[in-house]
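One letter stands for each residue in the lines below.
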Amino acid sequence: MLWQALMAARDLGRLHEIASILIRHGFGNMVRRMGLASALERAGRVLHWHAAEEMAHLEPHARVRRALEELGPTFVKLGQILATRVDLFAPEWIAEFSKLEDSAPAVPYPAIHQQLTEDLGAAPEEVFAAFDPQPLAAASIAQVHRARLEDGSEVVVKVRRPGILPIIESDLRWLSRLAEWAETESPELRYFRPQEVVRQFAQSLRHELDFAAECRNAERIAANFVGYSDPDSPPNPPVDDTAGAVIVIPRVYWQWTGERVCVQEYIDGIPGRDLGAVDHAGLDRKILAHRGARAVLKMIVKDGLFHADPHPGNVFYLPGNRIAFIDFGMVGRLTEERRDQLVHLLLGLVQHDPTRVVDVLLDWTSDGVMDESSLTLAIQTFVEQYHGVPLKQLKFGTMFSEIVANLREHRLVLPPDLALLVKAFISLEGMGCELDPDFDMAGEALPLLRDEMAARYTPSALVKRGWRATSEMISLITDLPHDLSRLLRAARRGKLDIHIDVTHLKHVGDQLDGAVNRLAAGLIVAALIIGSSIVMTVAGGPTLLGLPFFGVLGSFCATIGGIWLLRSIRRSNKEDREGKP
């Protein structure tokens, strides 16, 4: 029943392709347990089970990564999301997922031209003074072309790949059912919260497919940097800041931007991966590391809206030691409460306060602490091992990794927004250390954390929080009589419903339903046999080959029904054996 919706014609071909790739990479047992094998074979699709031998020598995480690459753009994006879930997967899995590169062959220009003409309202050659048909880059969802406006401004045109949306929607339907099966039927997979991961992934991917949403993210972050300066630069030779803002976010040209296309300012800078070019251009690596860290920390701690993937591919270095961020398809958002918790956690790590760290982690993972005292002891031991260590020697990336390892050991999972945050911190520190081996992430963060902590206890901030709490309390007290009245009225009418959703009971119900159906069919077959035997002894009536016709007909129907019943029982037993955990 789980795969019934997927047996529609629009998904059957894709489902067969997915099952074949999983078998080829050594996951045939999973295909059987999901019921895909029997469902596809009943639909006339042949699966080749011998193809798994070539992958047998690889580690599971390598086989998963290769399977994701072969499954296409949706699954590559899924792997990139999984690379952010350091709370769910061990380091070797995260390292493997991080190898997934979002690249693909370019779409032929005629197909791009047709779609661009529809979205821009005219041919690109008419809209732009110049348009390069050769893409700058091509990824699984979009490709980027360079163009020039009539006023001479250089821009990039990001175009969604034609026909990608139906493929992604089909894959998301399959993933949703796969996650439902995994969480219901597989105790070892339930820990990874597959339904939550797929929900987060589907939401992130649909936002990424909407280029207008990406541009809105860019503009919100750009607005947060209006008037921003970096007055606390470490002592270094004077820096030329006359070239413009310290942090650059590409300008969006909204008149040509929509769901399938966006036009943004072209950033003519040094890619973050090309450190040799940074040195050749005379830029100061220490200042770049400092400014990049300060900018991302500001996004996280002060603004609550941050670039969730600040790796070198999304960063450019500009003259004057300025930094440009691009690609805001994946952003993280933190509520004010989350930011308060983050400030307390980071201060606890920097100031060696284990109690503060434990309190925040228990708030973050309050849905399932199996042994709170054990977790508390582990975190206290972890924090105390850094007691007396100079601030400059603290590595946030390493510390976060150790904290997350403790959470994994206690089978606790971070909320999705915090998983993105941890990944952003680890990426940020890694990029800072590439620029400057002496990069001090803790030293960069501490002044900002202290300022934010002080800002939360100013008279105006206290009054604001107190007024908000008072308003919420008054609203709760005001609504209480009405809510109680509705509750009592429903109880008097006998309409007070209590809903209990136990997913496993549905599976048991399906099994009972099948058993009852077979029992009913068995009774009918038995009745036909008995009735036919009685009719055979009665003289008169039509005959066939010298035997009473209705007796022969009843015996034939009973034989067909008995054969169907035996096959049904045999198939059910086979599926039960294949579906055992």
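Residue numbers here run from 1 along each chain, matching the order of that chain's written sequence. With pLDDT at 70 or above as the cut-off, local features in this predicted model cover only qualifying residues; side-chain atom pairs require 80 or more to be listed or tallied, and sums for whole chains, interfaces and linings still use all residues. Hydrogens are left out, water is left out, and the side-chain values use all remaining heavy atoms of the structure.

Draft legend 1. Fine view of the environment of Tyr317. Only DSSP runs of H or I covering at least 4 residues are called helices, and only runs of E covering at least 2 are called strands; the numbering of each starts at the N terminus. Here Tyr317 shows up in strand E9 (residues 315-318). Accessibility expressed as a relative area gives 2% for Tyr317, which makes it buried. Residues Tyr317 and Asp274 lie 43 residues apart in sequence; the distance between their C-alpha atoms is 9.6 Å. Every residue pair with non-hydrogen atoms within 4.5 Å of one another is taken to be in contact. Excluding anything up to four places from it in sequence, Tyr317 contacts Gly269, Ile270, Pro271, Gly272, Val278, Leu283, Leu288, Arg322, Ile323, Met431 and Leu435. Per-residue accessibility, obtained with a 1.4 Å probe over protein chains only, is compared with the maximum for each type, and a residue is labelled buried under 20%, exposed over 50%, and partly exposed between these values.

Draft legend 2. Inspection of the sheet that holds E9 at higher detail. DSSP bridges decide pairing: two strands pair if at least two such bridges lie between them. Ordered by their spatial adjacency, 4 strands build an open sheet running E5-E10-E9-E7, and the pairing between neighbours is mixed. In this open sheet, the two edge strands, each paired with only one partner strand, are strand E5 (247-248) and strand E7 (270-271). Of the pairings in the sheet, the one linking E7 to E9 comprises 2 bridges and is antiparallel in character. Bridge assignment links Ile270 to a residue of E9, and that residue is Tyr317. Sitting on the sheet, helix H14 (residues 285-303) touches E5, E9 and strand E10 (322-325), and the angle it makes with E10 is about 45°. The axes used here are C-alpha line fits, helices contributing only the stretch in contact, and every angle between their N-to-C directions lies in the interval 0 to 180 degrees.

Draft legend 3. Main features of the packing of helix H4 (residues 60-71) against helix H5 (residues 73-82). Interaxial distance between H4 and H5 falls to 6 Å at its minimum, and their mutual angle equals 140°. As far as their axial angle goes, H5 and H4 are oblique. For the pair H4 and H5, contact is made by Leu68, Glu69 and Leu71 and by Phe75, Val76 and Gly79, respectively. Residue polarity follows a fixed list, in which Ala, Val, Leu, Ile, Met, Phe, Trp, Tyr, Cys and Pro are nonpolar, Asp, Glu, Lys and Arg are charged, and the others, Gly among them, are polar. Considering only residue class, the contact of H4 with H5 consists of 4 nonpolar, 1 polar and 1 charged. Should an angle fall under 35 degrees it is taken as roughly parallel, and over 145 as roughly antiparallel, whereas 65 to 115 is taken as roughly perpendicular and any remaining angle as oblique.

Draft legend 4. Summary view of the packing of aromatic side chains. Planes of paired rings set the category: under 30 degrees apart is stacked, over 60 is edge-to-face and the rest tilted, where pairs are Phe, Tyr or Trp rings (Trp by its six-membered ring) whose centres lie within 6.5 Å. Per the stated rule, a full pass over the model turns up 9 aromatic pairs. Pairing Phe75 with Trp174 gives two aromatic rings, centres 6.0 Å apart and planes at 65°, and the pair type is edge-to-face. Of this pair, Phe75 sits in helix H5 while Trp174 is found in helix H9 (residues 164-185), placing the two residues 99 residues apart along the sequence. Just as Phe75 is buried, Trp174 falls in that class too. For the ring pair Phe89 and Phe97, a centre distance of 5.3 Å and an interplane angle of 85° mean the geometry is edge-to-face. What links up through ring pairs into an aromatic cluster is the set Tyr109, Phe128, Phe131, Tyr253 and Trp256. Should the NZ of a Lys or the CZ of an Arg lie within 6 Å of a ring centre and within 35 degrees of the ring normal, that charge is described as sitting over the ring. The ring centre of Phe211 lies 5.0 Å from the NZ or CZ of Lys158, which sits over that ring. Between the NZ or CZ atom of Lys298 and the centre of the ring of Phe225, over which it lies, the distance is 4.7 Å.

Draft legend 5. Fine view of a positive patch on the surface. Patch members must show over 30% relative accessible area and no salt bridge, and they are joined within 9 Å when carrying like charges or within 5 Å when they are nonpolar side chains of Val, Leu, Ile, Met, Phe, Trp or Tyr. Residue exposure ignores everything except the shown protein chains as possible cover, and the areas themselves are Shrake-Rupley values with a 1.4 Å probe. Each salt bridge in this description consists of a side-chain nitrogen of Lys or Arg and a carboxyl oxygen of Asp or Glu lying within 4 Å of one another. The charge count includes Lys and Arg as positive and Asp and Glu as negative, but it does not include His or the ends of the chains. Think of each charge as sitting on NZ of Lys, CZ of Arg, CG of Asp or CD of Glu. A surface patch of positive charge is lined by Arg486, Arg489, Arg492 and Arg493. Mapped onto the elements, Arg492 comes out in helix H21 (residues 459-492).

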